[in-house]
Amino acid sequence: MLTAVLGTNRASGHTITEQFHAFDAHNPHVYRALERMAARRLAAGATRVSLKDLFEELRRQLPYGVAGLNNNFTVLYARRLIDDHPLWASVFELRRRRAA
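Residues numbered from 1 in each chain as written. Predicted model: local features only at pLDDT ≥ 70, side-chain atom pairs only at ≥ 80, totals over all residues. Heavy atoms only, no water.

### Things to note about the overall build of the chain
The helix and strand tally for the chain stands at 5 helices and 2 strands. Ordering the α and β elements of the chain from the N terminus gives α-β-β-α-α-α-α. Per-residue burial over the chain gives 32% buried out of 100 residues. Taking the intrachain contacts of the chain between residues at least 6 apart in sequence as the baseline, contacts between residues at least 24 apart amount to 53%. For the chain, the exposed surface amounts to about 6600 Å²; the carbon and sulfur share of it is 55%. (Helix = DSSP H or I, 4+ residues; strand = E, 2+ residues; numbered from the N terminus. Buried < 20%, exposed > 50% of the residue type's maximum accessible area, 1.4 Å probe, protein only. Contact = heavy atoms within 4.5 Å. Areas by Shrake-Rupley, 256 points an atom, 1.4 Å probe, with all protein chains shown as cover.)

### Focus: the pattern of salt bridges
Scanning all chains against the criterion turns up 6 salt bridges. The shortest N-O distance in the salt bridge between Glu57 and Arg40 comes to 4.0 Å. With Glu57 in helix 4 (residues 51–61) and Arg40 in helix 3 (residues 28–43), this residue pair connects regions lying 17 residues apart in the sequence. Residue class for Glu57 comes out buried when judged on its relative accessible area of 15%. Residue classification places Arg40 among the partly exposed positions, given a relative accessible area of 48%. Across the pair Asp53 and Arg41 runs a salt bridge, and its minimum N-O distance is 2.6 Å. (Salt bridge = Lys/Arg side-chain N within 4 Å of Asp/Glu carboxyl O.)

As structure tokens, this is what we get:
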């Protein structure tokens, strides 16, 4: 329980952020897909986009899923999308980070 609060995976000894960067480096297509999906929803008139919803849509689209696509990564992908698309800042609801 404490490891979840601190953001460290006991099995790997890595923080969620470290796990995210490793996953993202090996799966750049995931970010590109999330970016396209968010842009498509915004073009269709959405004013809010849920990254968790995009994750589930992505899981349905990919025939064998994406091994390692962890729900803990949703906020990190949202932050990356906002960094790359500052006009999307109001689209994603972000909470204050508790851990690195």
